[in-house]
Amino acid sequence: MQKTKQSKVPQSLGSKIFSIVNYTILALVGFIMFYPMFYVFIVSISSAQYINQGMISFLPKGINFEAYERVLQNKDIWVGYKNTILYTVLGTLINVVLTAMCAYPLSRKEFYGRGPFTVLITLTMFISGGMIPLYLVINNLKIMNTMWAILLPSAISTYNMIVMRTSFSSIPDSLIESAYLDGANDIQILAKIIMPLSKAIIATMVLFYAVSHWNSYFPAMLYLNDKAKYPVQVIMRDIIIESDMSQAGDMSGMANVAATNYKYAVIIISIVPILMVYPFIQKYFTKGVMVGAVKG
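Now for a quick tour of the structure. (Residues numbered from 1 in each chain as written. Predicted model: local features only at pLDDT ≥ 70, side-chain atom pairs only at ≥ 80, totals over all residues. Heavy atoms only, no water.)

Observations regarding the pattern of salt bridges
Throughout the structure, instances matching the rule amount to 3 salt bridges. Notably, a salt bridge pairs Asp76 with Lys227, separated by 3.5 Å at the nearest N-O pair. Separated by 151 residues along the polypeptide, Asp76 in helix H4 (residues 75–107) and Lys227 in the loop between helix H12 (218–223) and helix H13 (232–249) bring together distant segments of the chain. According to the relative accessible area criterion, Lys227 is partly exposed, its value standing at 45%. For the salt bridge of Arg108 with Asp173, the shortest nitrogen-to-oxygen distance reads 2.6 Å. Here Asp173 lies in helix H9 (residues 173–181) and Arg108 lies in the loop between H4 and helix H5 (114–123), a separation of 65 residues in the sequence. Arg108 gets classed as buried once you look at its relative accessible area, which sits at 4%. Note on Asp173: relative accessible area 34%, which makes it partly exposed. Three or more residues joined by partner-sharing salt bridges are found here, namely Arg108, Glu110 and Asp173. (Salt bridge = Lys/Arg side-chain N within 4 Å of Asp/Glu carboxyl O. Helix = DSSP H or I, 4+ residues; strand = E, 2+ residues; numbered from the N terminus. Buried < 20%, exposed > 50% of the residue type's maximum accessible area, 1.4 Å probe, protein only.)

Right, here's the structure in full:
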């Protein structure tokens, strides 16, 4: 068979202008989003002299890594890292398991009370008790100053559960019926059929929950009293506040420069690990969100 060559359709002048405008806008938006992080990095490795004179814009000057050496020598940073990794890994595991266990029955048409349960769960997205009732509940459960005060209140995200439920609904009923005929129960169906076929949405949920846990700091400020249990975000917040106080108390501005280097180095170190997760999950991210949003 003779291969047919695909001829390119010539673009009209309007299409070319439209493409140029789109690329220009996307490049501008990308620069606006990337520059703040890039600026924090170049300031963190620049010399104090150039920072004090306001000469840092797009390229670092007087490159040195003294601020990073000071950060890595801070024991509180390493303790915060250990706690954050623990909260992120354990919290994400709890989130994904409980979200899947809630989403699976709501995705089955034969589940009695599916509609009312869905409505009641959805209402929690718009109506909540608030901060003080939640604090009282955690206090009465005797889990104050423990990691469970950080992990259990956010065990399930209603939005993520609805997305996962929609994804589970797209799996053919014939597979589940065949499993029932073979003697499988619902736990086995969820673990051996639903979850393996939902890798994209599970990877998306892992990304959502992990980023949320990694960036979380306010619950730790409310429920934790022991500094040894603080996540790295709270440690970073304390360092930034101390840097701002040293800035306000120093008239010459030299301490401000050292504090700025140190502060920005802490910010970079705290966000690098979660950024490294994206390349491994990115291929599932778009697919998972689309699968969970196509069907209502």
